[in-house]
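Chain residues, written in single-letter form:
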Amino acid sequence: NAPAPYSWHCLGMAGDLVFKDERGAWTWNVPNEKWKELGTVGELFGLEWGGSWKMRDYPHFQMIPIDPDTEGKFNIYPAVFFIAKNGIEAFWNLL
């Protein structure tokens, strides 16, 4: 629920995935077990899954670069300021 530009989505580091129903229409209305299966696959690929958070966000997956100065947690605010000063390509080159 972060406002732009303070969102991993805005930085190209996150996305939401949903399912298709039997008619081919996009749907979020699937059993929790299906979300858990999808979350497991995303985590196997090294993504952080929103379904594992306290406030669950089942469709959400994100990549998080590790910042050793913050004990493994990456603060998005310096990233946003870095991008404003240096551009998105410079940010991606850091990863």
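Structure: see above.
Treat the numbers as computed from the prediction; the structure is a model and nothing was measured.

Parameters and conventions
Residues numbered from 1 in each chain as written. Predicted model: local features only at pLDDT ≥ 70, side-chain atom pairs only at ≥ 80, totals over all residues. Heavy atoms only, no water. Salt bridge = Lys/Arg side-chain N within 4 Å of Asp/Glu carboxyl O. Helix = DSSP H or I, 4+ residues; strand = E, 2+ residues; numbered from the N terminus. Polar contact = N/O pair within 3.5 Å; in protein donor to acceptor, adjacent residues only side chain to side chain. Contact = heavy atoms within 4.5 Å. Phe/Tyr/Trp six-rings, centres within 6.5 Å; stacked < 30°, edge-to-face > 60°. Buried < 20%, exposed > 50% of the residue type's maximum accessible area, 1.4 Å probe, protein only.

K.L.:
Go over the pattern of salt bridges with me, naming the residues and quoting the values.
P.N.:
If you walk through the whole model with that rule in mind, you get one salt bridge. Ionic pairing is found between Arg23 and Asp21, a salt bridge with its closest N-O pair at 3.2 Å.

K.L.:
Give me the lowdown on the side chain of Thr27, citing residues and values where you can.
P.N.:
On the secondary structure map, Thr27 appears in strand E3 (residues 26-27). For Thr27, the side chain forms a polar contact with the main-chain nitrogen of Asn29, separated by 2.9 Å. Non-local contacts of Thr27, meaning those with residues more than four positions away in its chain, are made with Val18, Phe19, Lys20 and Asp21.

K.L.:
Give a detailed account of the packing of aromatic side chains, specifying residues and quantitative values.
P.N.:
Applying the stated criterion across every chain, the model contains three aromatic pairs. Judged by centre distance (4.9 Å) and plane angle (75°), the ring pair of Phe19 and Trp35 falls under edge-to-face. Residue Phe19 is located in strand E2 (residues 19-20), and its partner Trp35 is located in helix H1 (residues 32-44); the two are separated by 16 residues in the primary sequence. Consider the rings of Trp49 and Tyr58, whose centres lie 5.7 Å apart with planes at 40°: the pair is tilted. One aromatic cluster in this structure is built from Phe19, Trp35, Trp49 and Tyr58.

K.L.:
Would you mind going over the environment of Pro59 in detail, with residue names and values included?
P.N.:
Within the secondary structure layout, Pro59 lies in the loop between strand E4 (48-49) and strand E5 (60-62). A relative accessible area of 11% means that Pro59 is categorised as buried. Not counting the four nearest positions on each side in its chain, Pro59 is found in contact with Gly15, Asp16, Leu17, Val18, Trp28 and Trp35.

Any functional reading would require information that these geometric values do not contain.
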